[in-house]
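Coordinate analysis (summary)
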Amino acid sequence: KVTTDAEQVTLYKPLDPDFSAMSALVWDPVMAFSPNGKLLATKRGDEPIILWAMPVGKEVASLRGGGVGGVMKFSPDSKALVALSHEDKASGQNTLVVWDVSTGKEKWRIRISKKVEFRELSFSPDGKTLAALDGRNTVTVWDLQSGKQQSSLTLGAASGGK
């Protein structure tokens, strides 16, 4: 319940020296709260993902190698963070990266050959399966532990009938 309009915490991280100013103009920042509310993940352009302890706003980890832009989401148990992003703007290659939140270590990474942007991520209720929807209305499903693709399906237009 919000009882005041007073600011609680401001998150601030100076721009990474290797960060390209052009990326900041092209890619909007993205963020995701962990389901347990203890972490907030933020990302600007091609900078690392920053994990912030909440509600204090203290930086607790910097996750490099997440690509440019994209979508992030925590697993239902808040133990893993998944980022779908472009590996680089020029190639349009997409990358799926899963990090172990407790260690900040990358669990696995998959380069996805399609040159299409992912729009949405969803976990199964048990957190063992991940689904991603891309801009071509294709849903790809992976086993979160192994990183193996389980299936892929294309969503078609609903057929009308009377």
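Quick note: structure is the one above.
Summary of the structure given here.

The rules behind the values
- Residues numbered from 1 in each chain as written.
- Predicted model: local features only at pLDDT ≥ 70, side-chain atom pairs only at ≥ 80, totals over all residues.
- Heavy atoms only, no water.
- Pairing = 2+ DSSP bridges.
- Helix = DSSP H or I, 4+ residues; strand = E, 2+ residues; numbered from the N terminus.
- Axes fitted to C-alpha atoms, helices over the stretch in contact; angles between N-to-C directions.
- Core = buried A, V, L, I, M, F, W, Y, C linked by side-chain atoms within 4.5 Å.
- Buried < 20%, exposed > 50% of the residue type's maximum accessible area, 1.4 Å probe, protein only.
- Contact = heavy atoms within 4.5 Å.
- Salt bridge = Lys/Arg side-chain N within 4 Å of Asp/Glu carboxyl O.

Each strand in a sheet pairs with another by means of backbone hydrogen bonds, the pair being arranged parallel or else antiparallel. Read from one edge to the other, the open sheet built from four strands follows the order β1-β2-β3-β4, with strand pairing classed as antiparallel. Edge positions in the sheet fall to β1 (30–33) and β4 (58–63), since each of these pairs with one other strand and no more. Each strand of the sheet is rotated relative to its neighbour by a mean of 20°, with strand direction disregarded. In this sheet, β4 lies alongside strand β3 (residues 49–53) in antiparallel orientation, the contact comprising five bridges.

Ranked by size, the top nonpolar core spans 16 residues in total, and within it V82, L96, L130 and W142 carry the most contacts. Look past the residues within four positions of L130 in its chain and what remains in contact with it is V82, L96, L121, S122, F123, T140, V141, W142 and L144. By size, the runner-up hydrophobic cluster in this structure holds 15 residues, among which are L63, M72, V97 and W99.

We now examine the pattern of salt bridges. Scanning all chains against the criterion turns up two salt bridges. R109 is paired through a salt bridge with E106; the nearest N and O atoms lie 2.9 Å apart.

So, about unusual backbone geometry. For the bond running from M54 to P55, omega is 10°, close enough to zero to count as cis. Note on placement: P55 falls in the loop between β3 and β4. The phi torsion at N137 lies on the positive side, around 60°, for a residue other than glycine. With respect to the secondary-structure elements, N137 resides in the loop between β10 (129–134) and β11 (138–143).

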